[in-house]
Structure formats: C-alpha cells, structure tokens
Amino acid sequence: MTPPAEDTEDTAVVAARPRPRRAVSFRDAGPTAALLVIFVGFAAWSSQFRSIDNVQNIMDAAAVLAVVTCGITFVLMMGSIDLSAAGVMGASALAVALLVENNRNGNDLGLLGIALAVLLGAALGAVSGLALVLLKVPSFMTTLGVSAIGLGLATLMFGGVQPNISDKMLESWATERILGFTYLTWIAAGCVLVGWLIQRYTRLGRYAFAIGGAEEVLALSGVKVAPYKVAVFTFAGAFYGLGGVMVTSQLGAGLVQAGEGYDFSAITAAVVGGTLLTGGRGGVLHSAIGVLLIMVLTNGLVQVGVSPYWQGGVQGLIVVAAVAAAVIPQRRRNQVVK
Amino acid sequence: MSTPVTVKPMAEPVVVGRGPSLADRLTSFMPVIALLALLTALTIADPDFLTRRSLTAAAFTAAPLIVLAAGATLVVLCGGIDLSIAAMASLSTVFLALWLPDLGAFATPAVIGVAALFGAVQGAAHVLLRIPSFIVTLGGMSIFSAVALVVSDAGTVPVVDDSAISWLNLYVATYIPMSVAVAVIVVVAISLVIKATPLQSWVRATGYSESAARLAGIPVDLVKIGAFCVSGACAGLAAVMLVSRNFSGNPSMADNLLLPAVAAIVVGGTAITGGHGSLWRSLTGALVVTLLRVGLPIVGVPSAWEQILYGAIIVAAVALTLDRSKVLIIK
C-alpha cells in the first residue's frame, strides 16, 4: 500500500474508482489470509484441532457471536459504536425464557415468544438510536446506558428464580443437527446472508455505509440521516435479541449474564474482519471472517494448552492491534483522536 | 472514532460563571441540588438515615467510588474516556492480596505504582498508535480481567494479615472514616496540583480543542498520558480501599463499579466532550450515586432498578452537560 493510493482512498466516496480498488481488495484479502494461516498453523500443531469434530465445534461455538457481530457491523459501518449487546442479550434471553414453555409460569408461546424477545431487543436498540439522534448523546454513552437498562430489565424478570425452558423447539435448536451442524449454526448462516443482502441491496445498508463515509455530505444532499440511524440501531438490537434467544437455547435457561462479553467480542470480530471504527468500510461478510478468525484462535489456543482465562486478554490485544494497523495509513493527517 | 472539532476562538480565558444565564447556573449547580434533594428525601422516607451509623456506612461505600471517579475525570477532561478503571481496580485487588504477605506496608505503593504504569501504557497506546481512547481502554479492560483471572486462578485471594492496610478502616476525629478522608485528600491534592501549575489550562485546552492546544505548543500527548497514568493510580488506590473492607482480592471485585463511576462523572456535570468540569464535581456526583444506591432499598425499590436508573441517569446527565457547539456530528 503506497501513500498516494491511500490519499485517493480517503476520498473514495466521490473519487474515480480504478485505483482504490486494488488497495481495497488487498485489505479485504488480509483477514481471510490470516484466517487460513492461523487455521493451517493450528492444524499442523495439534492433531486434536484438525479433527472433524473440532471444526464442527468451532462453527457451533461461532453461531451466537456471528449473529451479534452481524448486528454490530451495521452500527460500526456508520462510525458509531454499540456497547449495549450484553444488556440487550440478557433482557431478551430472560424474556424468551419466560415466554416459551418454562418452569416459572404457564406461558407457551413458542415462535411468537421468540419473536417477542427479538422485538424487545429491537426496542432497546431503538432507545439507543433515539437517544443518539434526539438527545445528541454520543453512541458509546447511550449504548452504555441502554446496556445497564437491559441488564436491569433482565434482573427484574429473573426475580431470583432461574427460568428453565422446556420448549421442545427452542431446545432442539442447540442439539439437532443438519449436515453435521446445529440448527443454531444454520440460523447464524442465515443471519449473515440476510445481513449481507440488506447491506448490499437495501437503502438502509447503503445509507449506513454512506453515513460512516461522509455523514455531512449525505445530510447536505438532502437525505434525512436521523431515521436511518435509529433504524440501524433498531436493526442491530433485533440481532442482539436473537443472539440472546440463541444463548437461552444453548443453556436451556434464561440468565442475566447471557450476553456477558459478547459486546466486546463482537467489536473485536468486526474490527479484525476489516470494518473500520471510523465507519464507511467493511461489511457483514468481513465480520463473518472476523468471527471465524476469533473462534479459530480461541479454540486453537485452548487446544494447544493455553489457559482459557487468557481468552479475553488475547481478544483485547487483537482489537488494539487491529485498530492500530487500520489507523497507520492515516496517522500523518492532523486528525484529532478522542 | 474521531470527532470533527471546530476550533472555537476564545478571546478571553474562559471564566466559568461570568454572565451565564439562569438556566446555565442552575445546570451548573444541579449536582449539589440533586445531592441535597436526595438527602432530604431519604431523611423524610427514613428518619433514621441521618444517624451516624448509616451515614458512615454510606461513606465507606462512597470512598472507592470517589477515588475511581476522580481519576477518570482527568481523562474525561482531556476529551477521552477510561473504561478500564473498574477492571484495573479488580486486578489491583488481586495484586494487593497476593503481595501483602511478602511486601507488607510496601504492597500499597507497589500496587498503586503498577496500576499507574498500566494506565500510562494505555495512554501511550492511545496517543502513539492513535487509537480512540474507548477502544484502548475497552481492550485494556479485557486484558486486565484476563490477567486478574490468570494470576488469581479465577478465585478469591484471602488476606490473612491486613495490618498493613487496616488503617483505612480507622476514623478521623472519631466520626469520619479514614478511607473517605483519604479520598477527599486525593481530590484536594490533584485539584491543587492542577491549579498551581499550568496543567489546569493544558488539560482544559486539550479537552476544549486538541488541535488548538497542539498549535499553542502544549505537550498534548504528555498531558493525555499523564491523565491516564493518574487514572490508573487512582484505580489502584480504590483497590486498596476495597481490599481493606473485604479482606480479600477478587478478579471481579470492582467490575460493577464502572457504571457508577461513569455516572458519578457525568452526573457531577463534567462534559463528556472534554474541557468543562472538575474533580469536585465528580466528588459530588459520586456522593449522589452512592445516596441513590443506598437510598433505593430504603424507599422500597428493588435493587434491580438500580441498573436501570444508572443507565437512564448516564444518558440524561450526558445530554444535559454536553457541549453541542463543539461536536458537529454525533457518532
């Protein structure tokens, strides 16, 4: 990547295309290449790692993170940030556990219950978005607040007695397999596909990109930006809601801590996949690669014998390194970094 | 996330309180008003609240929060945010519990020193690598948690002989808990040091307009690293207070203090956009948050509402204190 190519890239939204494309394709290939290298490395190191069972494990373990990351990617594409995943997931996990067949009350709503839990997630996302555009509070603050609100709602619903689910369908999501992968994994794959279609073919997805690239320009061209921002946060909230439902299916019970750590892991996965925190670059497919990278790394390190307690620390290092690497081309510009 | 910032021309050094409107003044005194209102409300709800016993109990809870919030306030004044304070404090409790048997009285300065060093490393990463502060500290948060888990083997580390830190549980003038006195001394000391040196204007200038500060020859990078360093040291001190109360160290002991600390800063009226605010405001904010925490059960509200309240308060307080003239686009 030579400096002149980078210069054109900064204005890529309006500039002619031919030259930036080459740099973009390099950037796109980076995470995929890293994924392959890491995978081959671990496979050569550990015979346990390269077993079919373990590959299935990795894919199944990646399901929830993939769904959450799918949602957060849209927020990051706008240049905003979302720290609310943990709270929203906790709230929807408890909601779904209380709405489907369970040991706490007589509800047996099945699919409707799942839809309501996802809707709750969307509603919490909408609160973040509305606080952002109406109160003009930066998104990392609104989502930090909404995360606390979600955890509070979850604690209220928890009420001291753990709701265990006995809904056959929801339980089967985590246990039944098609072609070797659990239903959850297929749901996650479906979410990634839906996310990609929305990003590629709908106004919401295109505007999310544009808002991240140059919000001012978009606003000056007469686009009402605010509704799209709220919509993106709502959309992301729905994905976290589904993530919470999936965790409940895995655990067989609704827990307040269902989403613990997912907010940070999702940001890590998206950033590692090549989505810039400044917005305007990346996408759902990048994030999917990022998710696989994180999961392969986590799984591989455990197989090689590293204490699982280091997991969070490794992710922390990776995210800082990935963001730093993404910023290097721009560091000469006199830009204020808060 | 880089925020476009307009450079505001400032002919006069900004003197807070010169010719602000009545609404501005009210907003400015809001933390104190909120504190008094809460005290009154709690006393009415439970006449026993204004007794020495419940007040000292509240004060003991407040002390670590005051110290945490005070340190992080410096970072916020510079325009950044430190999300790692709680995890740093948790890690420090583990270190302190592990080192007390060997180092004795020297364990306290050692822990504070290590925490300050970690803080400075985060600051350096933020400044040199040009990574947004909330990402650096978010990464720091998970790294510190991981280190704490590994070092403590994911369990509580008991403190058998706490003679080296038990002085924090004594009382000054028979009424004021020592830890609260230390917390106030920390706030006074940092405030004085800042006021007596050019640091006050350096920190403010960095927060108000970083590019202008840089052009004016202020060592912006050093100021920021220093702020993160102090923030880390304060987290270390808060950890010492926590260990002296709980007689143990735990890798997640202080984790639930992050939201209250951020809430204390913004409730106090320090603008999250940087520049405007002070450590005294965070002290008031920490007291407000503590009263809310202690007061909810008294009024009969289940503690689950506490979280919801924190969330709502943070968003509302930031919305009230945000300096909108500075940020063109809110991300």
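Every value quoted in this text rests on a predicted model; they were computed, and no experiment measured them.

Criteria and thresholds
- Residues numbered from 1 in each chain as written.
- Chains lettered and ligands numbered in written order.
- Predicted model: local features only at pLDDT ≥ 70, side-chain atom pairs only at ≥ 80, totals over all residues.
- Helix = DSSP H or I, 4+ residues; strand = E, 2+ residues; numbered from the N terminus.
- Rg over C-alpha atoms; globule rule 2.2 N^0.38 Å.
- Buried ≥ 20, exposed ≤ 12 C-beta atoms within 10 Å, placed from the backbone.
- Contact = placed C-beta atoms within 7 Å.
- Nonpolar A, V, L, I, M, F, W, Y, C, P; charged D, E, K, R; others polar.
- Core = buried A, V, L, I, M, F, W, Y, C linked by C-beta atoms within 7 Å.
- pLDDT = per-residue confidence, 0-100.
- Axes fitted to C-alpha atoms, helices over the stretch in contact; angles between N-to-C directions.
- Parallel < 35°, antiparallel > 145°, perpendicular 65-115°, else oblique.
- Left-handed = near helix turned anticlockwise from the far one by under 90°.

A. Local environment of the overall build of chain B. The number of helices and strands found in chain B is 12 helices and four strands. Computed over the C-alpha atoms, the radius of gyration of chain B is 20 Å, within 12% of the 20 Å expected from 2.2 N^0.38 for a compact globule of 331 residues. The burial tally for chain B puts 54% of its 331 residues in the buried class.

B. Up close: the interface of chain A and chain B. Listed per partner, the contact involves 48 residues of chain A and 47 residues of chain B. Only helix H5 (111-134), helix H6 (139-158), helix H9 (203-220) and helix H13 (311-327) of chain A provide two or more residues apiece to the side of chain A that touches chain B. In the side of chain A that touches chain B, the residues fall into 27 nonpolar, 16 polar and five charged.

C. Quick look at the nonpolar core. All names here are of chain B. The biggest cluster of nonpolar side chains holds 219 residues, and the ones touching the most others in it are Leu68 and Ala261. When residues in this core are grouped by element, the largest group, 17 residues, is from helix H9 (residues 220-246). Dropping the residues within four chain positions of it, Ala261 is found in contact with Leu65, Leu68, Ala69, Ala72, Ile85 and Ala86.

D. Layout of the confidence of the model for chain B. Residues and elements named next belong to chain B. Of all residues in chain B, 91% have pLDDT values of 70 or greater, and the mean over the chain is 85. Confidence over residues 1-17 falls short of pLDDT 50; this stretch has 30 contacts with residues more than four positions distant or in other chains. Listed scores for the predicted complex are pTM 0.84 and ipTM 0.79.

E. Quick peek at the packing of helix H1 (residues 22-45) of chain B against helix H11 (residues 279-299) of chain B. Residue and element names in this part refer to chain B. Relative orientation of the contacting elements H1 and H11 amounts to 25°, with a least axis distance of 9 Å. One element, H1, and the other, H11, form an angle in the roughly parallel class. In this structure, H1 meets H11 at a crossing whose hand is left-handed. Contact with H1, carried on its side by Pro31, Val32, Ala34, Leu35, Leu38, Leu39, Leu42 and Ala45, involves Arg281, Thr284, Gly285, Leu287, Val288, Leu291, Leu292, Gly295, Ile298 and Val299 of H11 and no other residues of that element. Along the lines of polarity and charge, the residues of the contact of H1 with H11 split into 14 nonpolar, three polar and one charged.

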